[in-house]
Amino acid sequence: MGKRVKNDMGSDTLRVEIMLQAMALGVTPAEFAEFYKIVRGDIDVTGILRRHDLSPANCGSPEASERKRRAAGSSELKDAKEKTLTLRVQMHDVTKPPMWRELNVPADFTFLQLHKAIQGACGLEECHLWQFQRKPYDPELQIGVPSDRKNPYGMGLEDCTHDARKTGITAFLAEKGQKLVYVYDFGDDWIFNVSVTGIGPRDGDTAVCTRWKSDLQPIEDTGGIWSYLDLRQAWSERATLTKRQKEELADRFGYDSFDDLMDLVTEAIFDPETVNERLADI
């Protein structure tokens, strides 16, 4: 009897550990209870597996991986050529004020074209790798240009679930409220939340930036979001900074003088005419 009690206690401890791990991953108590019924054999999942072709023999096959990639998105809008999407492109972790650009984009754009639109709206220069995902660096969804011999862009993703050259944006961004993240430069980590704020009749064949918040554009190879915040603050407080503060900022960013650093920032101030000229070329 003592041995049996010890086993039950060990089982209970393991169960609690599994439940805590599940909670940390966002599994709800109801979902865990449903899974537990399956494990105990209370629910026969054979039919479910058969309908989705998820038998053990198929789960690890290349065909199964391809099915997983197809299932990661929905079908593109059939009338995308007749629609325009309004997208909010907002820099992650930047507040007071936030940094965002609002774009009207033809709904039949591919993700490659959307990438170019974000680059144009944010003053970036297409110098680094990029991808669209549900969460930053989540391998379940990686929309980008794959690294292969047919890639004329010179660089691409080693792991890619969807080819941005062939995938329309409405496969994932077709309804108000839907969102993805856009990750650019896997070192500096420029991360933008891309969300659908509206969908309407076709209004032109090019992307247009209609509204914006925060005049400073991100600057390539300066260190990402946190450096952006420091540069924006330095720009707004440039008249009141001490000589020592100016020297420290210039040294940190590798410039001979604070004035040279501010020249760089001045060139990165948002200009709607320049931005929309660039967007018109996509």
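Look up a bit, the structure's there.
Just so you know, these numbers come straight off a predicted model, no measurement behind them.

1. Points about unusual backbone geometry
Here the bond from K96 into P97 is cis, since omega is -5°, no more than 30 degrees from zero. Among the structural elements, P97 can be located in the loop between β1 (83-91) and β2 (100-106). Not every positive phi belongs to a glycine, and K96 is a case in point at roughly 50°. Positionally, K96 belongs in the loop between β1 and β2. Exposure remark for K96: the relative accessible area of 82% places this residue in the exposed category. Here the phi dihedral of D189 falls at roughly 60°; this positive angle occurs in a residue that is not glycine. Note that D189 resides in the loop between β6 (179-184) and β7 (190-201).

2. A closer look at the nonpolar core
Ranked by internal contacts, the top residues of the largest apolar core, which has 55 residues, are F111, F132 and F192. For this core, the leading source of residues is helix α6 (residues 111-122), giving seven residues. Aside from chain neighbours lying at most four places away, what touches F132 is F111, L114, H115, I118, L141, Q142, I143, L180, V181, Y182 and V194.

3. Some points on the side chain of T110
With respect to the helices and strands, T110 occurs in the loop between β2 and α6. Among the residues examined, T110 registers a relative accessible area of 17% and is labelled buried. Not counting the four nearest positions on each side in its chain, T110 is found in contact with A164, R165, T167, G168 and I169.

4. A few points about helix α9 (residues 258-267)
Among all positions of α9, only F258, L261, M262 and V265 are buried. Summarising the axial view, the buried residues of α9 lie within an arc of 95°, below the 170-degree limit, and thus occupy one face. Of the residues in α9, the exposed ones pointing more than 90 degrees away from the buried face are D259 and E267. Buried residues along α9 sit against α7 (225-236) and α8 (243-252).

5. Thoughts on the packing of α6 against helix α10 (residues 272-280)
Where α6 meets α10, the closest approach of the two axes is 8 Å, and the angle between their N-to-C directions is 160°. In terms of orientation, α6 lies roughly antiparallel with respect to α10. In terms of crossing hand, the pair formed by α6 and α10 is right-handed. Contacts between α6 and α10 involve A117, Q119, G120 and A121 on the former and, on the latter, V275, R278 and L279.

6. Regarding the packing of aromatic side chains
Inspection of every chain in the model, using the stated rule, returns nine aromatic pairs. With a centroid separation of 5.9 Å and 80° between ring planes, the pair formed by W130 and F132 is classed as edge-to-face. Ring centres 6.3 Å apart and planes at 40° place the aromatic pair W130 and Y182 in the tilted group. Residue W130 is found in strand β3 (residues 130-133), and its partner Y182 is found in strand β6; the two are separated by 52 residues along the sequence. An aromatic cluster of three or more residues is present, and its members are F111, W130, F132, F172, Y182 and F192. Directly above the aromatic system of W235 lies the positively charged group of R238, at a separation of 3.7 Å from the ring centroid.

About the thresholds
- Residues numbered from 1 in each chain as written.
- Predicted model: local features only at pLDDT ≥ 70, side-chain atom pairs only at ≥ 80, totals over all residues.
- Heavy atoms only, no water.
- Helix = DSSP H or I, 4+ residues; strand = E, 2+ residues; numbered from the N terminus.
- Buried < 20%, exposed > 50% of the residue type's maximum accessible area, 1.4 Å probe, protein only.
- Core = buried A, V, L, I, M, F, W, Y, C linked by side-chain atoms within 4.5 Å.
- Contact = heavy atoms within 4.5 Å.
- Arc of directions from axis to C-beta.
- Axes fitted to C-alpha atoms, helices over the stretch in contact; angles between N-to-C directions.
- Parallel < 35°, antiparallel > 145°, perpendicular 65-115°, else oblique.
- Left-handed = near helix turned anticlockwise from the far one by under 90°.
- Phe/Tyr/Trp six-rings, centres within 6.5 Å; stacked < 30°, edge-to-face > 60°.
- Lys NZ or Arg CZ within 6 Å of the ring centre and 35° of its normal.

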